[in-house]
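Analysis of the macromolecular model
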Amino acid sequence: MATHGARGRSGGRPTLEEVAARAGVGRGTVSRVINGSPRVSDATRAAVEAAVAELGYVPNTAARALAANRTDAIALVVPEPETRFFAEPYFSDMLKGVGAELTDTEMQLLLIFAGSDKERRRLAQYLAAHRVDGVLLVSVHADDPLPDLLAQLEIPAVISGPRSAAETLTSVDSDNYGGARSAVEHLMDRGRTRIAHITGRLDVYGAQRRVDGYRDALRDAGRPVDDGLIEPGDFTEEGGAGAMRALLERHPDLDAVFAGSDVTAAGARHALREAGRRIPEDVALVGYDDSAIARHMDPPLTSVRQPIEEMGRRMIDLLLAEIADRRPTASRDLERTQAVLATELVTRASS
């Protein structure tokens, strides 16, 4: 029976090579299993883990990281002010998924805010020193220089949603286009004819795709698309309230609103009630994210559920794979993954 601290054939503590020999695999495969890489079959992972247990192998994490020029640290970078991070459930749900997927690895997670120019300059210096093995970049805007900096530094990176249709970095996103279509189709099915849309920040590609889904759902149903019923928002409650007031001023006859986020919908609800409009009798309301806000609103909010925690888990899986496969950037360009996860409309009393 194997005991903790078992001696290897060399007389010292068991080595990586001895674990590989016991499992019948190569040294690199053992390394991938120990590092939590998803690029290993379940059977192979089980064989390696059994060999580790039988031999009592204990990884020397410090020596391994030093030899591999690694830090065993991942940065979750949020290019937004801290106030927005703590105000929006999207970020906490993403962090929850990321943290859950890292639980069984030896990676440390660093949360870094880069919402100001000063913070971005400090982050650039930090990344240039290669103090992390990889970066998760959340809430990326079209003009954000951070993704290009990561590519130049050849730091493995995964972003939560592409910057455009021509994204070159690995990304994980939800089906923003399909989610928006389902929201608008639902409102039309409920007999609504003057459907407005409060967008998210339009320098975010996901928000652009939601506008596309809104427009195409109306066109495909033979409905006119009135640009006066589209009002820019910024994913905040204050922005949602301001956008709703502007829409009511232009189109007091509107009878439905598709908001770019649940937080935006909360602001829109405030403005509607301020104007004496009942939800859903006078104006139906649909949000996006299906966060706790949607469930706790009065009335409960119909919302497009995007699997935010699952997106965080998938981002970690892809990032660990890139870290484990540190070939030159040029040879990896064709392997970039643009993962898109399905959304689901959750119907509640607001519509």
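My aim in this report is to walk through the structure given alongside it, one point at a time.

Another aspect to go through is the side chain of H197. Here H197 lies in strand β6 (residues 195-198). For H197, a relative accessible area of 0% puts it in the buried group. When neighbours within four sequence positions are excluded, H197 is seen to be in contact with R210, V211, Y214, L229, I230, E231, F258 and G260.

Moving on, we come to the environment of E119. The topology assignment puts E119 in helix α7 (residues 117-128). Separated by 141 residues in sequence, E119 and G260 place their C-alpha atoms 28 Å apart. Each residue touching E119, except ones within four places of it in the same chain, is listed here: F113 and A114. A polar atom in the side chain of E119 sits 3.1 Å from the backbone nitrogen of S116.

Let's shift gears to helix α2 (residues 27-34). All of the buried residues in α2 are V30, V33 and I34. For α2, the arc enclosing every buried residue in end-on projection is 95°, short of the 170-degree limit, so these residues lie on one face. One or two positions beyond α2, positive phi appears at G36, with a value near 80°.

What follows concerns the packing of aromatic side chains. Scanning the entire structure with this criterion turns up 6 aromatic pairs. Ring centres of F85 and F86 lie 5.1 Å apart, and the angle between their planes is 85°; this geometry places the pair in the edge-to-face category. Judged by its relative accessible area of 6%, F85 falls in the buried class. On the accessibility criterion, F86 (62% relative accessible area) is exposed. On the basis of an interplanar angle of 90° and a centroid distance of 5.5 Å, the ring pair of Y90 and F91 is categorised as edge-to-face. Residue Y90 shares its accessibility class with F91, and that shared class is buried. Pairwise contacts between aromatic rings join F85, F86, Y90, F91 and F113 into one cluster. Seen from the ring of Y288, R210 lies directly overhead, with NZ or CZ sitting 3.6 Å from the centre.

This part covers unusual backbone geometry. With an omega of 5°, the peptide bond between I279 and P280 qualifies as cis. Examined against the element boundaries, P280 turns out to sit in the loop between α12 (262-274) and β9 (284-289). In this structure, the amide linkage connecting D298 to the following residue, P299, adopts the cis form with an omega of 0°. Following the sequence through the fold, P299 ends up in the loop between α13 (292-296) and β10 (302-305). One non-glycine residue, E154, lies in positive phi territory at about 55°. Its place among the elements puts E154 in the loop between α8 (146-153) and β4 (157-159). Non-glycine residue F235 carries a positive phi angle of around 75°. When you line up the elements, F235 lands in the loop between β7 (230-231) and α11 (237-250).

Glancing now at the pattern of salt bridges. Scanning the entire structure with this criterion turns up 23 salt bridges. The salt bridge involving E231 is made with R250; its shortest N-O contact spans 2.8 Å. Taken together, the positions of E231 in strand β7 and R250 in helix α11 put the pair 19 residues apart, joining distant regions of the chain. Residues participating in the shared-partner salt-bridge network are D290, R305, E344 and R348.

Next up on the list: the environment of F258. Mapped onto the fold, F258 is located in strand β8 (residues 256-259). Look at F258 and you get buried, because its relative accessible area is 0%. The spacing of F258 and L202 is 56 residues in sequence and 15 Å in space, taken between C-alpha atoms. For F258, the contacting residues outside a window of four places in its chain are A180, A183, V184, L187, A196, H197, I198, R210, V286, G287 and Y288.

At a minimum axis separation of 7 Å, helix α6 (residues 89-102) and helix α14 (residues 308-324) run at an interaxial angle of 45°. Judged by the angle between their axes, α6 and α14 are oblique. Remark: the crossing between α6 and α14 carries right-handed chirality. Each of Y90, D93, M94, K96, G97, V98, A100, E101 and L102 in α6 lies in contact with α14, whose residues at this interface are I308, E309, M311, G312, R313, M315, I316 and D317. Along the lines of polarity and charge, the residues of the contact of α6 with α14 split into 9 nonpolar, 2 polar and 6 charged.

Calculation rules
Residues numbered from 1 in each chain as written. Predicted model: local features only at pLDDT ≥ 70, side-chain atom pairs only at ≥ 80, totals over all residues. Heavy atoms only, no water. Helix = DSSP H or I, 4+ residues; strand = E, 2+ residues; numbered from the N terminus. Buried < 20%, exposed > 50% of the residue type's maximum accessible area, 1.4 Å probe, protein only. Contact = heavy atoms within 4.5 Å. Polar contact = N/O pair within 3.5 Å; in protein donor to acceptor, adjacent residues only side chain to side chain. Arc of directions from axis to C-beta. Phe/Tyr/Trp six-rings, centres within 6.5 Å; stacked < 30°, edge-to-face > 60°. Lys NZ or Arg CZ within 6 Å of the ring centre and 35° of its normal. Salt bridge = Lys/Arg side-chain N within 4 Å of Asp/Glu carboxyl O. Axes fitted to C-alpha atoms, helices over the stretch in contact; angles between N-to-C directions. Parallel < 35°, antiparallel > 145°, perpendicular 65-115°, else oblique. Left-handed = near helix turned anticlockwise from the far one by under 90°. Nonpolar A, V, L, I, M, F, W, Y, C, P; charged D, E, K, R; others polar.

Structural measurements only, silent on function.
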